[in-house]
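Reading the structure
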Amino acid sequence: MSPYDLLPRFKAQYDANNQEFSISGVIRPQAIDELGPSLALLRDAIGRVRGVLYINVRRLTQMNNAAFHAFSRIIIDACRALPDLKFVVITSSVVGWTSRKFGRLSGIEPNITVEEYDSEFYPGQGFLEEGGFVPILRTQTKLTWRHERTILPRHGMSPGIVMADICCGIGDFAVLVQKEFQPSRIVALDHSISSLDYARRVMREFDIRGIEYTYGDASEMLLDEAQFDLVTCRHSLQIFNRPELILKELYRICKPGGRVYITNEKNSHCLGEPRAESIRWTYNEVAKLFAHFEMDVELGPKSRRYLIEAGFEDIRVETFMVTNMDGDPQDFADVIVAWADVYAGDMASRRGDGPEFVARFRQGFQDHIFAALHPKGYAGWPIWVASGRRPQ
Amino acid sequence: MLMGSVRNEPAGEPTFEPMIQIDMEIKAFVSAWKHCDYVSTYMARMISQNRSDSVRHSNLFSSAFNELLEVAFRTRHTDGELACRVSRHGATDRIELTIPCVPEERQFYQEAVSHVAGFEARERYLNSVSGDLAPSREVVLLELAVDYNATLSVEEAESDAIKLVVDLPLEGLQH
Ligand SMILES: C[S@@+](CC[C@H](N)C(=O)[O-])C[C@H]1O[C@@H](n2cnc3c(N)ncnc32)[C@H](O)[C@@H]1O
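Residues numbered from 1 in each chain as written. Chains lettered and ligands numbered in written order. Predicted model: local features only at pLDDT ≥ 70, side-chain atom pairs only at ≥ 80, totals over all residues. Heavy atoms only, no water.

1. Notes on the confidence of the model for chain B
Residues and elements named next belong to chain B. To keep it simple, the criterion reads: pLDDT is a per-residue confidence score from the predictor, ranging from 0 to 100. Contacts are residue-level and defined by heavy atoms, with any inter-residue pair within 4.5 Å sufficient.
In this model, chain B carries an average pLDDT of 86, and 92% of its residues clear a pLDDT of 70 or more. Counted against residues more than four places away or in other chains, residues 1-9, with its pLDDT under 50, gives 21 contacts. Quick note on the complex model: pTM equals 0.82, ipTM equals 0.90.

2. Focus: the site of the ligand
Residue and element names in this part refer to chain A. Rule in force here: In these notes, residues near a molecule or strand are those with any non-hydrogen atom within 4 Å of it. A 3.5 Å cut-off defines polar contacts: any pair of N or O atoms within that distance qualifies, except that in protein one atom must be a possible hydrogen donor and the other a possible acceptor, and neighbouring residues in sequence count only when both atoms are side-chain atoms. What sets the accessible areas is the Shrake-Rupley method with a 1.4 Å probe; for residues, cover comes only from the shown protein chains. Starting at the N terminus, helices and strands are each numbered in turn, a helix being any DSSP run of H or I of at least four residues and a strand any DSSP run of E of at least two.
Around the ligand, 20 residues are found, and the nearest of them are Cys167, Asp190, Asp217, Ala218 and Arg234. One of the backbone N or O atoms of Cys167 is found 2.7 Å from a nitrogen atom in the ligand. Contact between the ligand and Arg234: a nitrogen atom at 3.0 Å from a main-chain N or O atom of the residue. Notes on the ligand: free accessible area 590 Å², of which the protein chains cover 97%. Among the elements of the structure, α6 (134-151) and β8 (185-190) are those that each provide at least two residues to the shell around the ligand.

3. Side note on the pattern of salt bridges
Charged atoms that come close allow side chains of opposite charge to pair. Residue and element names in this part refer to chain A. To be explicit about the condition: Throughout this description, the term salt bridge denotes a Lys or Arg side-chain nitrogen within 4 Å of a carboxyl oxygen of Asp or Glu. Only protein chains enter the calculation, and the probe is 1.4 Å; a residue is then buried if its accessible area is under 20% of its type maximum, exposed if over 50%, and partly exposed in between.
Under the defined criterion, the tally for this structure stands at 46 salt bridges over all chains. Residues Asp77 and Arg73 are paired through a salt bridge, measuring 2.7 Å at the closest nitrogen-oxygen approach. Taken together, the residues Asp77 and Arg73, both in helix α3 (residues 65-81) and four residues apart, mark about one turn of the helix. Arg73 gets classed as buried once you look at its relative accessible area, which sits at 14%. For Glu249, the salt bridge identified is with Arg252, shortest N-O distance 2.7 Å. Here the residue Glu249 and the residue Arg252 both occupy positions in helix α9 (residues 243-253), the gap between them amounting to three residues, near one helical turn. Classification of Glu249 by relative accessible area gives buried; the value is 4%. When its relative accessible area of 17% is taken as the criterion, Arg252 is described as buried.

4. Some remarks on the side chain of Asp167 of chain B
Residue and element names in this part refer to chain B. Relative to the helices and strands, Asp167 resides in strand β5 (residues 161-168). We classify Asp167 as buried; its relative accessible area is 14%. Of the polar contacts made by the side chain of Asp167, one reaches the side chain of Arg94; its length is 2.7 Å. Dropping the residues within four chain positions of it, Asp167 is found in contact with Phe16, Thr92, Asp93, Arg94, Asn149, Ala150 and Thr151.

5. Some details on the sheet that holds strand β1 (residues 17-25) of chain B
All names here are of chain B. Heads up, the condition is: Only strands joined by at least two bridges in the DSSP assignment are considered to pair. Fitted lines through C-alpha atoms give the axes, limited to the stretch in contact for helices. The angle between two N-to-C directions lies from 0 to 180 degrees.
With respect to topology, five strands assemble into an open sheet ordered β1-β2-β3-β5-β4, the strand pairing being antiparallel. The open sheet has two free edges, formed respectively by β1 and β4 (151-156), since each of these has just one partner strand. The mean inter-strand angle of the sheet, taken between neighbouring strand axes irrespective of direction, is 15 degrees. Two strands pair when backbone bridges link them, and β4 and β5 are joined in this way by six bridges, in the antiparallel orientation. Along β5, the bridge assignment pairs Leu152 with Val166. Helix α2 (residues 34-48) contacts β1, β2 (81-89) and β3 (92-100) of the sheet and is inclined by roughly 160 degrees relative to β1. Relative to β4, helix α4 (residues 103-117) is tilted by about 150 degrees, and along the sheet it contacts β3, β4 and β5.

6. Thoughts on a nonpolar patch on the surface
Just so we agree on the cut-off: Here the term patch refers to residues with relative accessible area over 30% and no salt bridge, with like charges joined within 9 Å and nonpolar side chains (Val, Leu, Ile, Met, Phe, Trp, Tyr) within 5 Å.
Together, Leu271, Met325 and Tyr378 of chain A make up an exposed nonpolar region whose accessible area comes to about 290 Å². Structurally, Leu271 of chain A can be placed in strand β12 (residues 271-273).

7. Details of the state of the cysteines
Residues and elements named next belong to chain A. Filter applied, for reference: Throughout, disulfides are identified as pairs of cysteine sulfur atoms within 2.5 Å of each other.
Evaluation of the coordinates by the stated rule reveals zero disulfides over all chains. Just so you know, Cys167 is unpaired, no disulfide at all, and the nearest cysteine sulfur is the one on Cys233, 4.5 Å from it. By relative accessible area, which is 16% here, Cys167 ends up buried. Summary of cysteine pairing: Cys254 is not part of a disulfide, and the nearest cysteine sulfur, belonging to Cys233, is at 13 Å. Among the residues examined, Cys254 registers a relative accessible area of 0% and is labelled buried.

This is how it looks when you write it as structure tokens:
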């Protein structure tokens with residue numbers, strides 16, 4: 001047998017607490033006997049559950065018809081034998097064929113429903129995937145790039161490498177990297193269709209080559225293991241309620257010896273003079289507001305711990321401060337305007353904040369803008385950069 | 001591996017640009033099941049690079065192509081060459097699979113393809129999913145039409161072979 005045959009390419013599991021049977025990986029057997037233990041596990045699960053059995057195929061990347069038939073038959077038979085039992089098949093919008101193929105099952109047995117798991121990856125999803133964030137991201141990247149272009153080479157960036165930018169947003173970073181460092185290939189992934197459409201339009205209009213935009217879920221990507229020299233994930237770990245799951249995926253797709261590069265904030269450390277007090281109060285509140293939606297915008301200094309716990313070595317951490325003195329202070333002010341719009345607008349109202357709070361909350365942003373545009377003022381937004389190497 | 005040469009299309013047919021071709025002794029191909037997976041994964045990667053979403057396109061293409069290769073794997077003819085060729089016209093990728101086969105199989109393919117084109121294709125497919133038998137070659141071809149919007153046709157190839165032509169409009173299946 002070659003190592004290929006010995007490598008388990010798929011996994012079937014049953015989680016009794018959640019009444020969930022899950023299959024993942026690549027399942028392309030020649031004969032059904034190869035699936036024996038997995039099919040037995042499914043039969044066994046059916047025998048144990050009450051009410052509903054969830055069939056999770058979100059991480060199933062390939063399954064041939066032979067295997068599909070074998071699993072489906074067990075489920076269909078169970079529907080006929082146990083009319084009280086319902087099945088909910090959970091597919092992923094990312095793996096194109098699963099919803100179509102499994103979707104047929106509900107046409108055969110009414111007790112089978114198929115749900116495409118899509119939105120609601122994390123509680124704050126809505127705010128970040130809708131259009132409102134696009135102008136923020138655009139200006140933010142313009143400001144951070146001034147710093148990152150000199151920082152990146154210390155974290156594994158160099159010409160000719162193969163890299164991935166996960167949670168790429170509207171793709172500005174990928175484009176800037178492409179121009180400045182000329183990696184041989186960039187795969188840029190995000191879960192916002194509108195952002196990707198925008199990114200692809202920019203690529204076409206400016207005739208940019210070498211970037212492949214792909215729709216995906218950072219917590220379970222279709223990308224193969226160990227294929228990138230550098231994996232970047234900017235300003236995004238902090239928006240997931242379980243950043244360690246994303247890091248695990250970043251680790252998986254990174255080559256041994258390659259690096260994973262993350263940037264994050266610590267919002268309560270945004271600062272300004274004059275009017276320091278009001279500014280500080282507001283940014284403390286920003287951190288609390290995000291925490292309410294289970295996002296940790298204080299993650300920056302925790303990067304080292306996260307990277308160590310994910311198994312990385314040779315960890316490097318540095319910080320930089322985006323300030324009103326970096327270039328045109330109006331750019332800095334524009335970012336604050338955009339933050340105020342979303343944070344003191346949509347997010348505050350969804351949390352149910354009253355007008356008094358919102359007024360004071362907004363005032364801090366006003367003061368930050370005031371500091372940024374003041375001829376003797378100083379305004380800052382600190383960013384934590386961290387990277388780790390995947391062991392050989 | 002050789003890159004296919006440009007073929008002259010009859011007037012009126014859209015021109016499919018050749019992208020990649022792999023030829024293999026059928027003996028060698030059927031010597032290991034994993035060849036289906038290897039070839040489908042490899043070719044999917046190669047031809048998806050310049051699709052608007054290469055990663056998802058490659059996953060879909062590999063999924064459909066692997067089924068075709070598994071069909072070819074079951075040939076009863078043990079001589080000759082398996083030729084896989086992929087060409088492209090706009091959003092459609094065309095797979096041409098030349099499969100050595102015995103005369104009965106040739107007839108089987110012709111019938112199967114006519115069933116795929118029939119309006120009851122979907123129903124036939126659904127019946128097979130709830131049926132007892134492991135999916136037949138015909139069912140596999142039906143599924144390509146039902147789930148991937150594929151159109152299939154057969155062309156006569158040289159002696160003891162059949163050419164299966166499968167058009168996959170995968171770009172349209174994406175988001
Ligand atoms: C704060 S933005 C950062 C974007 C970009 N890296 C930048 O710095 O401009 C977070 C991004 O994560 C994306 N995202 C959210 N959930 C995702 C998921 N499950 N998989 C992939 N991307 C996701 C959002 O669509 C959004 O573009």
